[in-house]
Every structure is written in C-alpha cells, then in structure tokens.
Amino acid sequence: MTNSPQQIRDDAAAVLHSALAGDGDAVVGTFDAVVDRSGLAGVYGVAWCLAAAMVGDEVPRGACALDFPGIDQAGYDTRWVARFVSAYANADVDTGEALFGAAAADGLLSDCLLTLAGSTVATLRHRAG
C-alpha cells in the first residue's frame, strides 16, 4: 500500500491534468488506480489535496464560513464539494472524513470526486485569469 505524501501529490496532479484536458474518463481512471493501490484512504488524501489547491495559501485556516447561496437546492455533489472544501479550509478533518464516508456509503463518491476535480480546475483557471 503506497500512500506517501509525494504519491498523493502526484495522483492529485494527474487528476488535475486530466480534468484540465476535459477527460473525465481519465479522472475516474486515476481515482480507480488510487483505490486499487491505496484504498479509500488514498482517495481521501487526493481529495484533500484537491481541496488544498482550491483554497490556496491565502486563506487563514479555521476562519472560513460556508457562504454558498442556494446550497440547499444544489445537487448532492455540489453541496458535498462546498462542504468538503469548507472542512479543509477550517482544518476540520473530522468533518472532511465524515463527508467522504457519507458520499461513499451513499454510492455517490465518484460523482462528488468528479465535481471536486472540475471545481478545482475552474478555481485554478479563475485565479490565473
């Protein structure tokens, strides 16, 4: 089982590369490879790394409020991403793990991870643009 910090960063970079190219199948393939190699713990590490990329370095940890107009009407995956990224921004590992576990139990983790990858790419493009 390989789940080193460097492997997590490499996997997150592969997800972002595929998402930037608009290749959803490759994004899913990368996550599947992580599951095969490191289980859901490895996928959680990659998801947490993607949340870190979205939040960036400028946000003080632990001081973020989830301010997402219409969040209760958004789809499961969109609500999940907003809450997962908020958990990361607040260094709330327990909530991040609970959200991840709930999505897996609901059979919606794959959709949530695809939305997280797409949202991360959109955020990075916005920040660069």
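Every value quoted in this text rests on a predicted model; they were computed, and no experiment measured them. (Residues numbered from 1 in each chain as written. Predicted model: local features only at pLDDT ≥ 70, side-chain atom pairs only at ≥ 80, totals over all residues. Heavy atoms only, no water.)

1. Some thoughts on the packing of helix H1 (residues 5-20) against helix H2 (residues 24-55)
At step 1: The N-to-C vectors of H1 and H2 enclose an angle of 120°; their axes lie 9 Å apart at closest approach. By the angle between their directions, the pair H1 and H2 is classed as oblique. Crossing angle aside, the handedness with which H1 passes H2 is left-handed. Packed against H1, whose contacting residues are Gln7, Ile8, Arg9, Asp11, Ala12, Ala14, Val15, Leu16, Ser18 and Ala19, the element H2 presents Ala26, Val27, Thr30, Phe31, Val34, Arg37, Gly45, Val46, Cys49 and Leu50 at the interface.
At step 2: Among the residues forming the contact of H1 with H2, the class breakdown is 13 nonpolar, four polar and three charged. (Axes fitted to C-alpha atoms, helices over the stretch in contact; angles between N-to-C directions. Helix = DSSP H or I, 4+ residues; strand = E, 2+ residues; numbered from the N terminus. Parallel < 35°, antiparallel > 145°, perpendicular 65-115°, else oblique. Left-handed = near helix turned anticlockwise from the far one by under 90°. Contact = heavy atoms within 4.5 Å. Nonpolar A, V, L, I, M, F, W, Y, C, P; charged D, E, K, R; others polar.)

2. A word on unusual backbone geometry
At step 1: Despite not being glycine, Ala91 shows a phi value in the positive range, around 55°.
At step 2: Here Ala91 shows up in the loop between helix H3 (76-89) and helix H4 (93-105).

3. A few points about the packing of aromatic side chains
At step 1: Counted under the stated rule, the structure contains six aromatic pairs.
At step 2: Between Tyr44 and Trp48 the ring centres are 5.5 Å apart and the planes differ by 20°, which places this aromatic pair in the stacked class. Of this pair, Tyr44 and Trp48 both sit in helix H2, four residues apart, which is roughly one turn of that helix.
At step 3: Taking the centre distance of 5.4 Å and the plane angle of 80° together, the rings of Trp48 and Phe84 count as edge-to-face. Of the two residues, Trp48 sits in helix H2 while Phe84 sits in helix H3, which places them 36 residues apart along the sequence. Neither Trp48 nor Phe84 differs from the other in exposure class; each is buried. (Phe/Tyr/Trp six-rings, centres within 6.5 Å; stacked < 30°, edge-to-face > 60°. Buried < 20%, exposed > 50% of the residue type's maximum accessible area, 1.4 Å probe, protein only.)

4. Considering the nonpolar core
At step 1: Judged by nonpolar contacts, the single largest core of 33 residues is most densely connected at Trp80, Phe84 and Leu116.
At step 2: Those elements that place two or more of their residues in this core are H1, H2, H3, H4 and helix H5 (109-128).
At step 3: Here the element with the most residues in this core is H2; it accounts for 12 residues.
At step 4: Ignoring any residue separated from it by four or fewer positions in sequence, one finds Leu116 in contact with Ala47, Leu50, Met54, Trp80, Val81, Phe84 and Val85. (Core = buried A, V, L, I, M, F, W, Y, C linked by side-chain atoms within 4.5 Å.)

5. Regarding the pattern of salt bridges
At step 1: Within this structure, the stated rule accounts for two salt bridges.
At step 2: Its salt-bridge partner being Asp11, residue Arg37 comes within 2.3 Å of it at the nearest N-O pair. Note that Arg37 is positioned in helix H2 and Asp11 in helix H1, a separation of 26 residues in sequence.
At step 3: With its nearest N and O atoms 3.6 Å apart, the salt bridge here joins Arg83 to Asp72. Placement of the pair is Arg83 in helix H3 and Asp72 in the loop between H2 and H3, with a sequence separation of 11 residues. (Salt bridge = Lys/Arg side-chain N within 4 Å of Asp/Glu carboxyl O.)

6. Examining the side chain of Ser18
At step 1: Counting through the fold element by element, Ser18 comes out in helix H1.
At step 2: Classification of Ser18 by relative accessible area gives buried; the value is 9%.
At step 3: Leave out the neighbours within four places in its chain, and Ser18 touches Asp23, Ala26 and Val27.

7. A short note on H1
At step 1: The end-to-end C-alpha distance of H1, which contains 16 residues, comes to 22 Å, matching closely the 22 Å that a straight helix rising 1.5 Å per residue would cover.
At step 2: Looking only at H1, the buried set comprises Ile8, Asp11, Ala12, Val15, Leu16, Ser18 and Ala19. All buried residues of H1 project into a common sector of 165° when viewed along the axis, lining one side.
At step 3: Buried residues along H1 sit in contact with H2 and H5.
At step 4: Residue Gly22 follows H1 closely and has a positive phi angle near 75°. (Expected span 1.5 Å × (residues − 1). Arc of directions from axis to C-beta.)

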